[in-house]
Structures are given as C-alpha cells and as structure tokens.
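# An overview of the molecular structure
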Amino acid sequence: MDVKTRLLGGLIALLLAACAGPPPVKVDDDEVDSRVRAPASEDSAGVQVYSLQNPAVKELTAQAVVAERAGELDKASGYLERALRIEPRDPQLLQHMAEIKLQKADYQQALSFAERSYDIGPRVGEICSRNWRTISVAREHLDDASGANDAEARATRCMNTRPKRY
Amino acid sequence: MLLAGLAIGIGVPWTVWLDIQVRDEFEGRIWDVPSRVYARPLSLYSGKPVSKRSLLLELKASGYREVTNASVPGSYSVNGNQFDINRRAFIFEDGSKPATRFRLQLRSGAIGNLVGVSGSEDPGLVRLDPAEIASIYPLHDEDRTLVALKDVPELLITGLQAVEDRQFKHHHGVAFRSIARAFVANIKAGKAVQGGSTLTQQLVKNYFLNSERTFVRKANEAIMAVLLEWHYDKAQILEAYVNEVYLGQQGKHAIHGFGRASEFYFDRSLQNLEPQQIALLVGLVRGASLYNPRRNPQRALQRRDQVLEIFETTGLLTENEVKTAKSRPLGVTSQPRSGGSRYPAFVDLVRRQLKRDYQASDLSSEGLKIFTTLAPSEQEYAQQAVSKGLDDLKQRGLPADLQAAMVLADVASGEVRALVGDRVAGRNGFNRALDARRQIGSVIKPLVYLLALEHVDDYNLITRVNDEPVSLRQPDGKLWSPENYDHKSHGELPLMDALVHSYNQATVQVGLNVGVANLIRKIKQLGIVAEVPAVPSTLLGAVELTPVEVAQMFQSLAAGGYSVPLRSVTAVLTPQGDLLSRYPLRFMPLENREAIALLNFALTRVVEEGTAKTLHGLLGSNTVIAGKTGTTNEKRDSWFVGYTRDRVAVSWVGLDDNRPAGVTGSNAAMRVWAGLFRSLPIEGLDLRMPDGANFVWVDKQQQALTDPSCPGAEQIPFIEGSEPQRSTKCLQKQDRKNKESLWRKWFGRKD
C-alpha cells in the first residue's frame, strides 16, 4: 500500500468514525462548551477520532448527556462512572467526566481526568484538543496562568502532530 | 378474705415484677432494622467477558433459582450456553428498575448477544440485582441476620401460625382452648405429646431459656405472655419471635431466628427459600435438636413432610405444590455456614470504611442500603485460590498451618473486588488482609528503582549498577551486610536486570544513592500512612505493611501513576431510596509518570525472565503481566504482587506466629495468585509510553543504541533525553550501508 492510499484510507476511516460518534453536547453559556468543545470541534474541522463503543457504554453515555443537558451533573457523573466500570480506559468517557468536573468547579479532578484521557487516548485530533483545553481552563481556575497558556498552545498542536507508531 | 388479700398482696407485686422483667427483655432485644450490604450489581451487555461458571456463581450469589421456565422474577433457565433470566425489580443506587426478562448467549467466554423476551425492547445493558452479602449495624460489631417482618416470606408467617398457634391472631397471650386440647391429648397418650403454648409464650420461654417444666414456671410464662400482648401489638411480637426462636446449635453458638437458620442450613437468605425448606424450618421449632437435619435427616424429613401436610390441610399450599415439595430432598448444605456474612473479611473492610468516611449520625439511621464493590464470583475464585492453594502447598511439604491473605482490586477505579483474610472460607476471625502487618521484603524494590528512574540524569533502565558485598552500620550500631538469595554477588549489570532478578546488594547500592528518606516519602506518596523506619534495611523491605496497604501502593503503579484510594463502598441509600452519600471516583495523578511506565516495563520482565518466570506456566497463558515476588528473612513471609491491564492483586502466605515457614515469593504466594488469575479474564498490560518516554532499540550490555537487526538488540523504553548517546559498531555499520544505498537510489546507480 503506498503512502497516498494509506492516507486516503485513514481519512475515510476518520470521516466514518465522525458519523458514529455521539452528538456534541449543547450547554448554553457554559465554559465547557465555549472554551473546550466548540474550539476543539472547530480545530478538527469536524473530523473526530472515536473508538468503537460497546452498546452498554453508548447507552450510558447517552443517559449522561441527557442528565448533563438537564443540569443534573451528579447524575451525569454517576452514569459516566458506571460506563467507566465497563470501559475504564475509554478516553472519551474520561474526557466527558473531566468536562463534567469542570462544570462542577472541581478543577483538580477535571485536570486529573483530562490528563488520564490524554495519556490513554489517541493524543491527536479533537479529543486531544478537548483534553488540553480542559487542562487549560482548569489550570486557569487553579491560578496557574502560565500552565494554562502552555496547555492552550498544546491544544492547537493536536491537529498537526502525527500520531506515533508503536 | 385472707386468701384474697394474700393473692393481691403477693400477686400484684409479683405481676409488676414479671412485667418489668419481660419488658426489659423485649425492649432490649428489639433491634433496629439492620442495614443491608450489597455486592456490586453485575452489568450484562453484549461483548462482556464472562464465563459460564462465573455467571452461574453470580446468579447463585444473587439468590436466583434455576428453573425450566424463568417465568417469575428471581429465576433463570439455562440451556447449553443460552441463559433466560428474569431479573427482579430492584432499587439500585441510581433509582429503581422494574423486573425484566432477557436472554443471553455465551460465545467464547463473552456475552454474544442480549435480547429482551416477550416483545420487550432489547436491552443494551442490564444489571443483575446485586447479591445481599450481609446485614449489619454499621455502628456495632454485631453479626445477627435479623429480618423485618415485611421481608419474611408469607408462607413462613402463615405456616408458623398453622403449625404452632392457630389462635395467634385472636388470643391475648394464652390460648386456653389450646391448653385444654393439649391436656386431653397428653392424658390420652400418657405422656406430653402436644404443647399448648402460644407463639407469645414460646417467645417468653426463649427469652429466659429454661426448659424446666414446673407449674410456677409455666404460670410465670403465661402471665408474661399476657403482659407482652398488653404492651405490644401482634406484628411486633411476631417479628420478635421470628428473630428469637431457637433453631439449632453450632458448637457453642446457638442459632436464633429464621434469618440466621436459613443461612445456617441452606446457605440462602430467608427470602429465597422454597416451600419445603420453609416447612423444614417451621418443623424445627418443635425440637431443633430432635429434628436436626444434618444429624437426623430421616426424622427431619418426616417432620418436614408432616408440616407440609399441615400447610395443605390449612389451605396454604395446594395438593400439587405439596406433592412437588415432598419430592424434593432436604437440601441442607453439608457444611453449616458460620455466622454473619459469607464474606466476613470484605464486610470488615466495609465497616471500617463506613466508619472512616461517614458521620456516625448518618450511620445510625435504620435500614440503610449499602452498595459495595464486591464481585461475588471473583471473591469465590480468590477464596478457592487461597484455600486450595494452601492445601496444595501442604502437599508440597510446606507447613499445614500456613495462612494467607489476598486482595483483588480494579486497577483504574481502586474498587476492591475480593478480599480474603483466612484460608477457611467464611471464618470470621483475624482478618489478615487488613490486619496482618508483616515485613514486605523484596516487594519494596520496585519503589527503590522507581526513585532511581526519576533521576533522569543518573539512571535509565540499562545504567550499570554494582551488585557487590556491602556493609552498613545500622542506627543500633550493628553491622548490616545483606546477601543475595543465591549467596553470590553478580558484579556490574544493567539496572533493570538487578530488579528482574531481585538482587539485594545492587538494590542497596541504588537505594543509598537515591536515599532512604526519599524512599519513605515515596511510600507515603503512594497512600501508606503506617510508620516506616528510616534505616538502610528498609531498602530491602524490613518494613511491616498489611496486604491491603501493599495493594494500595501498587494500584498507583498499575494505573500508570493515577492513584485512587482503594474503596469498598460506592453509595449508601436510605430505606426510602434516597442517596445518603456517594463515593465518587477521584484520581490523584502522580508526578513522573514516565518513570512509572519504565518501571512497569521492567516488572513485566520479572515475569518474563526473572524471579516470577514460572508464572506463565502456572497460568497457562503468555499475557503481559507485571509482577514482583517478595521473601523475608528465614522464609517467614511470601508475597506476590501482580497486575494485568485491569486487575491488581496481592497475595501473602506465612505463619501467624511469624515462625520460619519455608516460603518464598515464587513457591507460595505466586502460586496462590496464579490460582486466582487462572479463573479471571486477563487483558495484558498496556505498555504504551506516555508523552516524554519512548521505546528505543538498544544493546543493553553495551549501553548503546543499536539496530533491530544487530545481535543483542532489545526494545527498551527511555525517558526522552536519557537514551544512550553512543551507538554500537553494528549500528554504525548499518547506518553507513543505509547511506550508501540511499545514494545509489537517488543517483540511480546499480550495485
């Protein structure tokens, strides 16, 4: 397979995966939406890397999204925790949890979940951007201005960093 | 007149005295409704890895009955690998769920598909209602299996009255008609064949536990029964009776109450008994020793069938139901289950964590529902691994009185899935998993090497270290000269190999460089609060920790540096189903996660080629596992810590009195550990490096970069900037060749 074919294949896979992912959550006047999800989605130009989720995780994620929209953050994190018991290493779940923690103003935990999501996740694409943007917002709230700036800069590099091969 | 005066003068104070006595007794024994402790609910969804054996164990633990048609909630049928399960309605920690029926098919160790039955929607995810693992009073250390009247099966309540006291609803404590009937029957028989005592009288009799048949005692009982009926209503009296009646004996301990008896004879909760089992228990009221089903099975069977006939004549069961019930065996377990929970070690942890994390005022509420993290099937496997493992070690010539403990937790969440504190299942005594404080030996070494790897400028996995004799003066003035297990020194060798082969002398050299004080700081950082002595021998594990503390330290490493406190409780609900409190999942990321990733890699080599290299053989699998053995002086303690991607477990084997036991990490604890993991689905450890660390091809002995095709080439992870600067000659040659061939390619020259 030559390089072009491989790239094209990869792009198609990414686009297909984009269709399979859960819809972005809309929370008005929300920092998570305006400073994490929207810019990350913009960066990635709609291309999202989502791993295939098992139906149970999908169902729980959907319930978490409904709870989050209704402002029931404890409930949402309860659903995500259940999903994490099934797939403890799902970067999307970990990132979603980080965003819930951000909304609950639990910045330390927002940082922890986003960092773990990044460590386990693809370290590229939209989810990477959401990881670093969450880290940036959390650091800002924790009065770490320079750390916040670094993270913000790191987020923009999520799109042009080629994933390493292992 | 005189007689009447005497009757009043003595009778009234006598009655008042009896009243005080019986009320004291009754009030003193009214227990609050106990809190129920539940295991984690098993989540079922397509793709879930679960073996048939595990699923059957989970269903059994949750009190499901196997039937041919699972038409009622709480039952299931199984046909080959196809399960039809009728889940009960249940209030889970996030709300109540109605009963639901579904089918699932197991395919190669996982759930193939999950479909709803009778037109209901296909469930993506179903939770089995969790096993009830204990009834506790969180604030008291009391183990009784008490039941609230509303939880007692209808057949037991009505059946008890049918057999023992048909007038219960109407009498005032004493039923004169029954006494008369019994009197006539006894006269006819020429001996006491029938009792006329009401349930209330029997309750009084149980309180004062005196079987002497005198007129005064009988009269006292009758007066007290009337007094009880005067003060309390029928439901209160019946509830007290159900929890108080004597139903058997286990050594010195009397078995009181139907809840406890149900566990003692059938190893089931009262709610899950079948009609013939209820009949057996009701029959025991007349004579627990006479009809003891373990000692006198034939007599017990006759008595049970007699009770079933009464159930039929009083219309409680139909003729057919009685016929079926009579055809069943006694169903009594061969070994009586000891008091309290089936999982006393785990419930002990639950109690301690509740006391640590909840307000006493919250815990004093009645009837809480406590949701925990226990996985009944995994607990079963862990206990079997310990019990059978120690029997096996005895066969191999190790002491017969060896003891063991085991902790199994989920890597990412820190949820404790199983806890074993004794080689005997269900024995409620010294909980070694939480309380056996023993030297950890070489299990400490990974922390020494972790500290070294954090010093990027000084150490990487292939840095040469010295395994040479070393002598140090301890604070008490004594000279300390540790030796290696094989009594040899191995000279200069790569850091990683010193850990993989667990060389003591090299570890002390490295440890002295990184500092004992830093090691102690690291231990604290990993969640240990116990005191650790600041002496050089700490470097080789002369530190006493409990198995659960060791599990806590290694959870952080197994999770790649995301520490979570090990926990056994996830939520506490009030009886109304309101959430009293939740323990949310919280991570604490540690610094230097790259060094942890390097260490994890080295620990997989311990299993591949080091002190734990027989593990793969014991498991019958080549999955990537990180592990470390530990042995203490004179082979007193044997430890093994190992982790896969999702599970971390610690096992300890030794003697309670700390005598030399002939055990080493690999000959005892590792075998027990393998016994557990043989039954669990294993996912290999993920060795992907975090940012800031990468795998590099090196020649370990030459401490140089090399080419994969060169002899001695190995892929080993390095923290960026700590890679060797030199290249092997082989690599230099390869590089030259590559340059030449590129030159040829660009300029089209042919060889």
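Residues numbered from 1 in each chain as written. Chains lettered and ligands numbered in written order. Predicted model: local features only at pLDDT ≥ 70, side-chain atom pairs only at ≥ 80, totals over all residues.

## A few points about the overall build of chain B
For chain B, the helix and strand inventory stands at 24 helices and 32 strands. Considered along the principal axes of its C-alpha atoms, chain B spans approximately 130 × 70 × 50 Å. Scored against the burial criterion, the 751 residues of chain B give a buried share of 46%. (Helix = DSSP H or I, 4+ residues; strand = E, 2+ residues; numbered from the N terminus. Buried ≥ 20, exposed ≤ 12 C-beta atoms within 10 Å, placed from the backbone.)

## Some words on the overall build of chain A
Scanning chain A from terminus to terminus reveals 8 helices and 0 strands. Secondary structure elements of chain A, listed N to C terminal, follow the sequence α-α-α-α-α-α-α-α. Classification of the 166 residues of chain A by burial places 46% in the buried group. Contacts in chain A between residues at least 24 apart in sequence constitute 62% of all its contacts with a sequence separation of at least 6. (Contact = placed C-beta atoms within 7 Å.)

## What to know about the sheet that holds strand S32 (residues 713–719) of chain B
All names here are of chain B. With respect to topology, 3 strands assemble into an open sheet ordered S31-S30-S32, the strand pairing being antiparallel. Across the chains shown, the open sheet's two edge strands, defined by having one partner strand only, are strand S31 (704–705) and S32. Alignment of strand S30 (residues 693–699) against S32, held across 7 bridges, turns out to be antiparallel. Following the sheet pairing, Trp697 is matched in S32 by Gln715. Along the sheet, helix H21 (residues 593–609) makes contact with S30 and S32, crossing S32 at roughly 155°. (Pairing = 2+ DSSP bridges. Axes fitted to C-alpha atoms, helices over the stretch in contact; angles between N-to-C directions.)

## A word on the pairing of strand S15 (residues 403–410) of chain B
All names here are of chain B. Burial analysis of S15 places 8 of its 8 residues in the buried class, the great majority of the element. Here 8 bridges tie S15 to strand S29 (residues 647–654), and the two strands are oriented antiparallel to one another. Pairing of Ala404 across the sheet is with Val653, part of S29. Hairpin geometry of S15 and strand S16 (residues 416–420) is characterised by an intervening segment of 5 residues between the two adjacent antiparallel strands and by a positive phi of about 70° at Gly414.

## Digging into the interface of chain A and chain B
On the chain B side, the residues contacting the 21 residues of chain A number 20 residues. Taken together, the residues of the side of chain A that touches chain B break down into 8 nonpolar, 5 polar and 8 charged. (Nonpolar A, V, L, I, M, F, W, Y, C, P; charged D, E, K, R; others polar.)

## What about helix H5 (residues 91–103) of chain A?
Since the α-helix advances by 3.6 residues per turn, residues separated by three or four positions end up pointing in the same direction. Residue and element names in this part refer to chain A. Here H5 contains 13 residues, and its C-alpha end-to-end distance of 18 Å stays within 8% of the 18 Å for a straight helix at 1.5 Å per residue. Of all 13 residues that make up H5, 12 are buried, and the element is covered over most of its length. Along H5, the residues classified as buried are Pro91, Gln92, Leu93, Leu94, Gln95, His96, Met97, Ala98, Glu99, Ile100, Lys101 and Leu102. Buried residues in H5 make contact with helix H2 (31–43), helix H3 (55–69), helix H4 (73–86), helix H6 (107–120) and helix H7 (125–141). Where H5 ends, the next residue or the one after it, Ala105, has phi of about 60°, a positive value. (Expected span 1.5 Å × (residues − 1).)

## Focus: the packing of helix H9 (residues 275–284) of chain B against helix H10 (residues 297–313) of chain B
Between two packed helices, what matters for the description is the angle formed by their axes and the separation of those axes. Residue and element names in this part refer to chain B. With their axes 8 Å apart at the nearest point, H9 and H10 run at an angle of 105° to one another. Accordingly, the angle class assigned to the pair H9 and H10 is roughly perpendicular. Contacts between H9 and H10 involve Gln276, Ala279, Leu280, Val282 and Gly283 from the former and Ala300, Arg303, Arg304, Val307, Leu308 and Phe311 from the latter. When grouped by side-chain class, the residues that make up the contact of H9 with H10 number 7 nonpolar, 2 polar and 2 charged. (Parallel < 35°, antiparallel > 145°, perpendicular 65-115°, else oblique.)

## Overview of the nonpolar core
Residues and elements named next belong to chain B. Grouped together as the largest cluster of nonpolar side chains are 190 residues, with contacts concentrated most on Met406 and Val407. With 10 residues, the top contributor of residues to this core is H21. Residue assignment places this core across two domains, with domain 2 (36–130) and domain 3 (693–747) each supplying three or more. If sequence neighbours within four positions are ignored, Met406 has contacts with Ala382, Ala385, Val386, Val420, Ala433, Ala649, Val650, Ser651, Val672 and Leu676. Leu227, Phe258, Ile278 and Val282 belong to the second-largest nonpolar core, a separate cluster that totals 48 residues. (Core = buried A, V, L, I, M, F, W, Y, C linked by C-beta atoms within 7 Å. Domains from an automatic or database assignment.)

## Notes on the sheet that holds strand S1 (residues 35–38) of chain B
Residue and element names in this part refer to chain B. Spatially, S11-S1-S14-S24-S25 is the arrangement adopted by the 5 strands of the open sheet, whose pairing is mixed. The sheet is open, and its two borders are formed by strand S11 (132–136) and strand S25 (579–582), each paired with just one other strand. Neighbour-to-neighbour, the strand axes of the sheet open up by a mean angle of 20°, direction not taken into account. As defined by bridge partners, S1 adjoins S11 across 4 bridges and the pair is classed as antiparallel.

## Let's talk about unusual backbone geometry
One non-glycine residue with positive phi stands out, namely Arg123 of chain A, at about 60°. Positionally, Arg123 of chain A belongs in the loop between H6 and H7. A count of 20 C-beta atoms within 10 Å places Arg123 of chain A in the buried class. Of note, Glu634 of chain B is a non-glycine position whose phi angle comes to about 55°, a positive value. Following the sequence through the fold, Glu634 of chain B ends up in the loop between strand S27 (626–631) and strand S28 (637–643).

## Focus on H3 of chain A
The first and last C-alpha atoms of H3 of chain A sit 21 Å apart over 15 residues, in line with the 21 Å expected at 1.5 Å per residue. Regarding H3 of chain A, the residues found buried are Ala56, Val57, Leu60, Thr61, Ala64, Ala67 and Glu68 of chain A. In a view along the axis of H3 of chain A, the buried residues occupy a sector of 125°, so they form one face of it. Of the surrounding elements, those touching the buried residues of H3 of chain A are H4 and H5 of chain A together with strand S2 (43–44) of chain B. Directly after H3 of chain A, the chain includes Gly71 of chain A, whose backbone phi takes a positive value near 80°. (Arc of directions from axis to C-beta.)

## Some words on the environment of Ser129 of chain A
Residues and elements named next belong to chain A. By secondary structure assignment, the location of Ser129 is in helix H7. Given 24 C-beta atoms within 10 Å, Ser129 falls into the buried group. For the pair formed by Ser129 and Ser41, sequence separation is 88 residues and the distance between their alpha carbons is 8.4 Å.

## As for the confidence of the model for chain B
Of all residues in chain B, 94% attain a pLDDT of 70 or more, and the chain-wide mean is 89. For this predicted complex, the interface confidence reaches an ipTM of 0.79, while the overall pTM sits at 0.80. (pLDDT = per-residue confidence, 0-100.)

## Considerations on the packing of helix H3 (residues 154–164) of chain B against H9 of chain B
Residue and element names in this part refer to chain B. The N-to-C vectors of H3 and H9 enclose an angle of 40°; their axes lie 10 Å apart at closest approach. Viewed along their axes, H3 and H9 adopt a mutual orientation that is oblique. Of the two elements, H3 crosses H9, and the hand of that crossing is right-handed. Residues Leu155, Leu156, Gly159, Leu160 and Val163 of H3 lie in contact with H9, whose contacting residues are Pro275, Ile278, Ala279 and Val282. For the contact of H3 with H9, the residue count by class is 8 nonpolar, 1 polar and no charged. (Left-handed = near helix turned anticlockwise from the far one by under 90°.)

## Thoughts on the environment of Leu102 of chain A
Residues and elements named next belong to chain A. Among the secondary structure elements, Leu102 is positioned in helix H5. Note: C-alpha distance between Leu102 and Trp132 (30 residues apart in sequence) is 13 Å. Excluding residues within four positions of it along the chain, Leu102 makes contact with Glu31, Val32, Ala110, Thr134, Val137 and Ala138.

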